[in-house]
Amino acid sequence: VIPPASMKQFQTLFETNIPTVLHKEVAELSNTLKGGKKLIVLHKRQRGPGVISNHFDLVSNLQTTFASCCVVKEIVDSGGSTSITMEEMVVLHHYASVVIGPHGEGLMNVVLFTKDSGALVELHPPIKPNAEPNWRFQINAQRMKTAMLLQ
């Protein structure tokens, strides 16, 4: 668990520097979000734990339901590499209104880079009987006060 003061210090530094350091990525995203549309980022794992069996249905329903007010962007994780650059991922997470993804370490980027108004929906696998859930992301999200965790 990251200490709250360290997380807040990182976020402040990041907020101050994102427009100048990642100006190309920010400009590209701004063109996508014209007309005041909100951004929904959906993480997809290709294999291993956290694969969402009905991922296609989830994307389709999000795009249909929120077509008038939101843009849905996917980040595909194929086991160590993603479909976009780290810079693009940082910008997407920073400007996202909602990030949806399977439980796992990739969601820590969301906690670190999401604005105060962003929400995180963590898709958690069923917890085995007599097992304790892993609450790391919820604890960090609550300490940052930047993301809301739903399970």
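Residues numbered from 1 in each chain as written. Predicted model: local features only at pLDDT ≥ 70, side-chain atom pairs only at ≥ 80, totals over all residues. Heavy atoms only, no water.

**Student:** Sorry, what's going on with the overall build of the chain here?
**Tutor:** Helices and strands together make up the secondary structure of the chain, namely six helices and five strands. Along the chain direction, N to C, the helices and strands of the chain fall in the order α-α-β-α-β-α-β-α-β-α-β. Counting over 151 residues, the chain shows a buried share of 38%. Taking the intrachain contacts of the chain between residues at least 6 apart in sequence as the baseline, contacts between residues at least 24 apart amount to 65%. (Helix = DSSP H or I, 4+ residues; strand = E, 2+ residues; numbered from the N terminus. Buried < 20%, exposed > 50% of the residue type's maximum accessible area, 1.4 Å probe, protein only. Contact = heavy atoms within 4.5 Å.)

**Student:** Help me out: how do you make sense of the nonpolar core in this one?
**Tutor:** Within soluble globular proteins, side chains that are nonpolar generally end up buried alongside one another. Counting residues in hydrophobic clusters, the biggest one holds 21 residues, and the most contacted among them are Leu-29, Leu-39, Val-41, Ile-75 and Leu-92. Looking at this core, the elements that each hand over two or more residues are α2 (23-32), β1 (38-45), β2 (70-77), α4 (86-95) and α5 (108-113). Among the elements that make up this core, the one with the highest residue count is α4 (four residues). Among the nonpolar cores identified, the runner-up in size contains seven residues, and Ile-40, Val-59, Cys-70 and Val-72 belong to it. (Core = buried A, V, L, I, M, F, W, Y, C linked by side-chain atoms within 4.5 Å.)

**Student:** How do you make sense of the pairing of strand β3 (residues 98-102) when you look at a structure like this?
**Tutor:** Regular strands place side chains that alternate from one sheet face to the opposite one. Across the five residues of β3, four count as buried, placing the element largely inside the fold. Looking at chain direction, β1 and β3 are connected through three bridges and run parallel. When the bridges of β3 are listed, Leu-42 appears paired with Ile-100. Summarising the sheet, β3 and strand β4 (residues 119-123) pair through five bridges and their orientation is parallel. Looking at the pairing, Val-98 lines up with Ala-119 of β4. (Pairing = 2+ DSSP bridges.)

**Student:** Please clarify how the confidence of the model for the chain should be interpreted in this entry.
**Tutor:** Averaged over all residues, the pLDDT of the chain is 75; the fraction at 70 or higher stands at 72%. Looking across the chain, the model is least confident in strand β5 (residues 149-150), with a mean pLDDT of 42, and most confident in helix α3 (residues 55-65), with 91. Below pLDDT 50 for its whole length, residues 145-151 participates in 27 contacts with residues either more than four positions away or in separate chains. (pLDDT = per-residue confidence, 0-100.)

**Student:** Got a minute to help me understand the environment of Val-99 in this structure?
**Tutor:** Position of Val-99 relative to the elements: it lies in strand β3. According to the relative accessible area criterion, Val-99 is buried, its value standing at 1%. Sequence separation of Val-99 and Val-72 is 27 residues, and the distance between their C-alpha atoms is 9.7 Å.

**Student:** What should I look at first to understand α3 in this one?
**Tutor:** Every α-helical turn comprises 3.6 residues, leaving residues that sit three or four positions apart pointing alike. All buried positions along α3 are accounted for by His-55, Val-59 and Leu-62. Each buried residue of α3 sits inside an arc of 70° when the element is viewed along its axis, so together they form one side. α3 presents Phe-56, Thr-64 and Thr-65 as exposed residues on the side facing more than 90 degrees away from its buried surface. Each element contacted by the buried residues of α3 is listed here: β1, β2 and β3. (Arc of directions from axis to C-beta.)

**Student:** I keep staring at the packing of α2 against α4 and nothing clicks. Help me out?
**Tutor:** The angle between the axes and the distance between the axes are what describe a pair of packed helices. At a minimum axis distance of 9 Å, the contact between α2 and α4 shows a crossing angle of 50°. For the element pair α2 / α4, the angle class is oblique. Like other packed secondary-structure pairs, α2 and α4 cross with a definite hand, here right-handed. Counting all contacts with α2, which are made through Glu-25, Val-26 and Leu-29, the residues of α4 involved are Glu-87, Glu-88, Val-91, Leu-92 and Tyr-95. Each residue belonging to the contact of α2 with α4 can be placed in one class, and the counts come to five nonpolar, no polar and three charged. (Axes fitted to C-alpha atoms, helices over the stretch in contact; angles between N-to-C directions. Parallel < 35°, antiparallel > 145°, perpendicular 65-115°, else oblique. Left-handed = near helix turned anticlockwise from the far one by under 90°. Nonpolar A, V, L, I, M, F, W, Y, C, P; charged D, E, K, R; others polar.)

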